[in-house]
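Examining the three-dimensional arrangement
Spelled out, the chains give:
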Amino acid sequence: MKKYVILGMLMFSFLSGIIAQEDDMSTSGGGLSFSFSGAILFGNGNYLKDGLYIPSAPGNNAYWSVPGSAPSANVMNANYNNVANMVGGEARMFLNDNMAVRLNGGLIFSNTPARDNVPGIIDPDAPNVTWIPNYEAVTADNRFDANINPGFEYHFPMGDLSPFVGVSVPVYYARWSQYNPTYTVDSEANVVVTDIDTRHVELIGFGGQIVAGADYYFNDNLFLGAEIKPFSYLYAYNVKLPAPGLESLKADTYTLGLFVQPFVKLGFKF
């Protein structure tokens, strides 16, 4: 709980500083000149997923266990950063030629509803025209992935080139749930249930970053940009619940990165 309070205070202070700066400029006659830009980001995947390991179903294992795997900062992967990989979008609001607030990220949601299995009847001694096949169950599979990265940039326009520095507050969230409704009946008429109820794992990460980069404008609207994080700190943890009513298992990690998460962006300013 303390971590959420600290993060909330940091974000509140960050937004308050931006609003205060805007009010100062408005009252001092500095003049705000709003404009907007949108861009597609290219680079390493920006969804936190390492550590998103869902517990197995009790009915599928002779020895039921909950994995103790902790998350890792896969978003700071130093290798295999593919510039052809589209990782999300970015929106910026320029307060004037120098200052801009931004928000980048993305989300993915998928859901597969469960369907019960239907045991069949197959008698080797009877003609196969009397056989009824087994209809397997459909395992419920629900997953949600999101990354949200608000930030602030200060630009130094130099003709067609606009270098910038800034700060950002990355927030990552992922949840994966499964439920296998398969049941079987053994030779003694005992019903064996695969899943008691829904199993899930949750992964949460947040931190603070310094941003540096530059945008090159081909004309007044179209630009190509590049950025990197000279400093990045990320705290992440996951929580695994094998079944309702049981105790969950939590594991966490801290990651410090220098000159990580390079991105290329192609955008349009209007």
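Residues numbered from 1 in each chain as written. Predicted model: local features only at pLDDT ≥ 70, side-chain atom pairs only at ≥ 80, totals over all residues. Heavy atoms only, no water.

**Description of the overall build of the chain**
For the chain, the helix and strand inventory stands at one helix and twelve strands. Each helix and strand of the chain, placed in order from N terminus to C terminus, yields the pattern α-β-β-β-β-β-β-β-β-β-β-β-β. Burial analysis of the chain (270 residues in total) assigns 37% to the buried set. When contacts within the chain are restricted to residue pairs at least 6 apart in sequence, those whose partners lie at least 24 apart make up 73%. On the chain, roughly 15,000 Å² of surface is accessible, and the fraction owed to carbon and sulfur atoms is 62%. (Helix = DSSP H or I, 4+ residues; strand = E, 2+ residues; numbered from the N terminus. Buried < 20%, exposed > 50% of the residue type's maximum accessible area, 1.4 Å probe, protein only. Contact = heavy atoms within 4.5 Å. Areas by Shrake-Rupley, 256 points an atom, 1.4 Å probe, with all protein chains shown as cover.)

**Thoughts on the layout of surface pockets**
Approximately 200 Å³ is the volume attributed to the second largest pocket. Together, Phe94, Asp97, His155, Pro157, Gly159, Asp160, Leu161, Ser162, Tyr217, Asn219, Asp220 and Lys269 line the second largest pocket. Across the lining of the second largest pocket, the residue classes tally to four nonpolar, four polar and four charged. (1 Å grid on protein atoms, 1.4 Å probe; cavity = no way out; pocket = protein on both sides within 12 Å on 5 of 7 lines; lining within 4 Å. Points joined across faces, edges and corners; volume = space filled by probe spheres on them. Nonpolar A, V, L, I, M, F, W, Y, C, P; charged D, E, K, R; others polar.)

**Observations regarding the nonpolar core**
In this structure, Leu48, Leu52, Val75, Met76 and Leu234 are the most contacted members of the largest nonpolar core, which totals 14 residues. Listing elements by their share of this core, those giving two or more residues are β6 (171-179), β9 (199-217) and β10 (222-241). In terms of residue count, β6 provides more of this core than any other element does, three residues in total. Look past the residues within four positions of Leu234 in its chain and what remains in contact with it is Leu48, Ala73, Val75, Met76, Tyr172, Gly205, Phe206, Gly207, Thr253, Tyr254 and Thr255. (Core = buried A, V, L, I, M, F, W, Y, C linked by side-chain atoms within 4.5 Å.)

**Concerning the pattern of salt bridges**
Here the structure, examined in full by the defined rule, presents 13 salt bridges. Note that Asp50 is salt-bridged to Lys49, the shortest N-O span being 3.3 Å. Owing to a relative accessible area of 23%, Asp50 belongs among the partly exposed residues under this scheme. Using a relative accessible area of 46% as the deciding quantity, one classes Lys49 as partly exposed. In this structure, the salt-bridge partner of Glu153 is Arg102, at a minimum N-O distance of 3.0 Å. Pair noted here: Glu153 is in strand β4 (residues 140-155) and Arg102 is in strand β3 (residues 99-112), with a separation of 51 residues, a long-range link. For the pair Glu153 and Arg102, one class covers both residues: buried. Ionic contacts of the salt-bridge type, sharing partners, join the residues Glu90, Arg92, Arg102, Glu153, Asp215, Glu227, Lys229 and Lys265 into one network. (Salt bridge = Lys/Arg side-chain N within 4 Å of Asp/Glu carboxyl O.)

**Notes on the pairing of strand β12 (residues 260-269)**
With seven bridges joining them, strand β1 (residues 35-43) and β12 adopt antiparallel strand pairing. Within β12, the residue paired with Ala39 across the bridge is Gly267. Sheet topology note: the β10/β12 ladder contains seven bridges and is antiparallel. In the strand pairing of β12, Glu227 is matched with Phe263. (Pairing = 2+ DSSP bridges.)

**Quick notes on the side chain of Asn104**
Relative to the assigned elements, Asn104 resides in strand β3. For Asn104, a relative accessible area of 7% corresponds to the buried category. Side chain to side chain, Asn104 and Glu90 meet in a polar contact 3.5 Å long. Sequence-distant contacts of Asn104, defined by excluding residues within four places in its chain, comprise Leu41, Gly89, Glu90, Asn147, Ile148 and Asn149. (Polar contact = N/O pair within 3.5 Å; in protein donor to acceptor, adjacent residues only side chain to side chain.)

**Regarding the packing of aromatic side chains**
Applying the stated criterion across every chain yields a total of eight aromatic pairs. Ring centres 6.3 Å apart and planes at 25° place the aromatic pair Phe36 and Phe270 in the stacked group. One end of the pair, Phe36, is in strand β1; the other, Phe270, is in the segment after β12, with 234 residues separating them in the sequence. Residue class for Phe36 comes out partly exposed when judged on its relative accessible area of 35%. Residue classification places Phe270 among the exposed residues on the basis of a relative accessible area of 59%. Ring centres 5.9 Å apart and planes at 40° place the aromatic pair Tyr235 and Tyr237 in the tilted group. Summarising the burial analysis for this pair, Tyr235 and Tyr237 share the class buried. Among the aromatic residues, those joined into a cluster by ring pairs are Phe206, Tyr235, Tyr237 and Tyr254. Against the face of Tyr237 rests Lys250, its NZ or CZ located 4.5 Å from the ring centre. (Phe/Tyr/Trp six-rings, centres within 6.5 Å; stacked < 30°, edge-to-face > 60°. Lys NZ or Arg CZ within 6 Å of the ring centre and 35° of its normal.)

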